[in-house]
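What follows is each chain in one-letter form.
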Amino acid sequence: MKIAFASGKGGTGKTTVSLNLALALSDVQLFDCDVEEPNCNLFLGFELEKVEDVICSVPVIDPEKCSLCRRCSDFCRYNALAALPTKVLVFPSLCHGCGGCTLLCPEEAIRESHRFLGLIEKAKEGSSPEFYRGLLNIGETMVSAVIKKLQKHIDDRKTAIIDAPPGTACPVIASIEDMDYCVLVTESTPFGFHDLKLAIDVVRALKIPFGVIINRYGLGGSKVEEYCKTEGISVLLKIPNDRMIAELYSRGIPFIREMPEWNEKFLCMFEAIKSQLAGGKEART
Ligand code: SF4
Ligand code: SF4
């Protein structure tokens, strides 16, 4: 089973929750898909090793062969090529590596070079949970390509937990679109409520079964809970606004390690997700 943890806004506790669930389960893989700012390993402290580079092909134009026919620039929907009267300009950072321009060029004036987007790392053998993360190069924009490469390491025989990036844009879609289930982590504040509704729109559009975790429960009223009830959305877990949980977080400790009573709660949540999927009883889409 592949479960993603997402949230409309950052800082709702998505990483905390995915980490704690991964620690409660056995034979599980954890993927930090927040490749612009992966922070799961701040809490795990694993020694990491590089698995592979993430690369993207980019065109290189041979001016000797180019007849300036413009076919390549007319074709590129990402505006990575601009045919001027005297030469074709290439903007590598806009190129998505589709290879279409190379195929189209009637003069065979385009060859492909490579650009490094980032890398994939994993925790050394024997670490529990089995942990992978993606790291996007600074200044790079091809976030989704790194996420997709990272998810190639999902082992279908194991439970995979995905810590998705915050927000509702392309990196989130890339992280959650192939999942069996999505947990939306929110907090019961006006901002949390507003962004939860955006995240719900996304999972409904993608037709992914989902449920909600309310973090810092008790803070800022009960609007989220009431909304979920009205909409028929499962509230999987409520994590109270607890000083000890906050202190453990600030010390980089997943709270399940010091508060073992939460182990059972996370396992129950996992069972609830499984029954929701088995019974086809999902939140309305
Ligand atoms: S490879 Fe695709 S995205 Fe890149 S410049 Fe060529 S057509 Fe554009
Ligand atoms: S398609 Fe080939 S020949 Fe035409 S402008 Fe592009 S590089 Fe030059």
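Residues numbered from 1 in each chain as written. Chains lettered and ligands numbered in written order. Predicted model: local features only at pLDDT ≥ 70, side-chain atom pairs only at ≥ 80, totals over all residues.

**Student:** Break down the overall build of the protein chain for me, with residues and values.
**Tutor:** Within the protein chain, the secondary structure is distributed over 10 helices and 11 strands. Here the C-alpha coordinates of the protein chain stretch approximately 70 × 45 × 35 Å along the principal axes. Looking at the protein chain as a whole, 42% of its 285 residues are labelled buried. For the protein chain, contacts bridging at least 24 residues in sequence account for 74% of all contacts bridging at least 6. (Helix = DSSP H or I, 4+ residues; strand = E, 2+ residues; numbered from the N terminus. Buried ≥ 20, exposed ≤ 12 C-beta atoms within 10 Å, placed from the backbone. Contact = placed C-beta atoms within 7 Å.)

**Student:** Give me the domain arrangement of the protein chain: which residues, what numbers.
**Tutor:** Once the domains are mapped, the protein chain shows domain 1 (2–46 + 127–278) and domain 2 (56–116). Between the C-alpha centres of domain 1 and domain 2 there is a distance of 40 Å. (Domains from an automatic or database assignment.)

**Student:** Describe unusual backbone geometry, listing the residues and the values that go with them.
**Tutor:** Following Ser128, the chain continues into Pro129 via a peptide bond in cis, with omega recorded as 5 degrees. Looking at where Pro129 falls in the secondary structure, it is placed in the loop between strand 6 (110–123) and strand 7 (130–136). At Asp27, a residue that is not glycine, the phi angle is positive and equals roughly 55 degrees. In this fold, Asp27 is placed in the loop between helix 1 (14–24) and strand 2 (28–32). Of note, the phi angle at Leu68 is positive, near 60 degrees, even though the residue is not glycine. Checked against the element boundaries, Leu68 lands in the loop between strand 3 (48–61) and helix 3 (71–75).

**Student:** Tell me about the site of ligand 1, and please be specific about residues and values.
**Tutor:** By nearness alone, 13 residues border ligand 1, and Cys76, Ala80, Cys95, Cys98 and Cys101 come closest of all. Considered class by class, the residues forming the shell around ligand 1 number nine nonpolar, four polar and no charged. (Near = placed C-beta within 6 Å. Nonpolar A, V, L, I, M, F, W, Y, C, P; charged D, E, K, R; others polar.)

**Student:** I'd love a proper account of the pairing of strand 1 (residues 2–6), names of residues and values included.
**Tutor:** Burial runs high along strand 1: four of the five residues are buried. In this structure, strand 1 lies alongside strand 8 (residues 159–163), joined through four bridges in parallel fashion. Among the inter-strand pairings, Ala4 is bridged to a residue of strand 8, identified as Ile162. When strand 1 meets strand 9 (residues 181–187), the two strands line up parallel, connected through four bridges. Directly across from Ala6, in strand 9, lies its bridge partner Leu184. (Pairing = 2+ DSSP bridges.)

**Student:** Quick one: what's the story with the sheet that holds strand 10 (residues 210–217), residue by residue and with numbers?
**Tutor:** In a beta sheet, neighbouring strands are held together by backbone hydrogen bonds and run either parallel or antiparallel to one another. Judged by pairing direction, the sheet is mixed, and its nine strands sit side by side in the order 3-6-7-2-8-1-9-10-11 without closing on themselves. Both edges of this open sheet fall to strand 3 and strand 11 (235–240), since each of them pairs with a single strand only. With strand direction ignored, the average angle separating the axes of adjacent strands in the sheet is 20 degrees. Each of strand 2, strand 3, strand 6 and strand 7 is contacted by helix 5 (residues 143–151), which is oriented at about 160 degrees to strand 7, the strand it contacts most. Of the strands in this sheet, strand 1, strand 9, strand 10 and strand 11 are in contact with helix 10 (residues 261–278), which crosses strand 11 at around 160 degrees. (Axes fitted to C-alpha atoms, helices over the stretch in contact; angles between N-to-C directions.)

**Student:** Which residues make up the nonpolar core, and what values go with them?
**Tutor:** Val146, Ile162, Cys182, Val183 and Leu184 are the most contacted members of the largest nonpolar core, which has 66 residues in total. Element by element, the count of residues in this core is highest for helix 1, at six residues. Every residue in contact with Val183, bar those within four places of it in the chain, is listed here: Ile3, Phe5, Phe210, Gly211, Ile213 and Leu236. In terms of nonpolar packing, the next biggest core, distinct from the first, is built from 12 residues, Leu81, Cys95, Cys105 and Ala109 among them. (Core = buried A, V, L, I, M, F, W, Y, C linked by C-beta atoms within 7 Å.)

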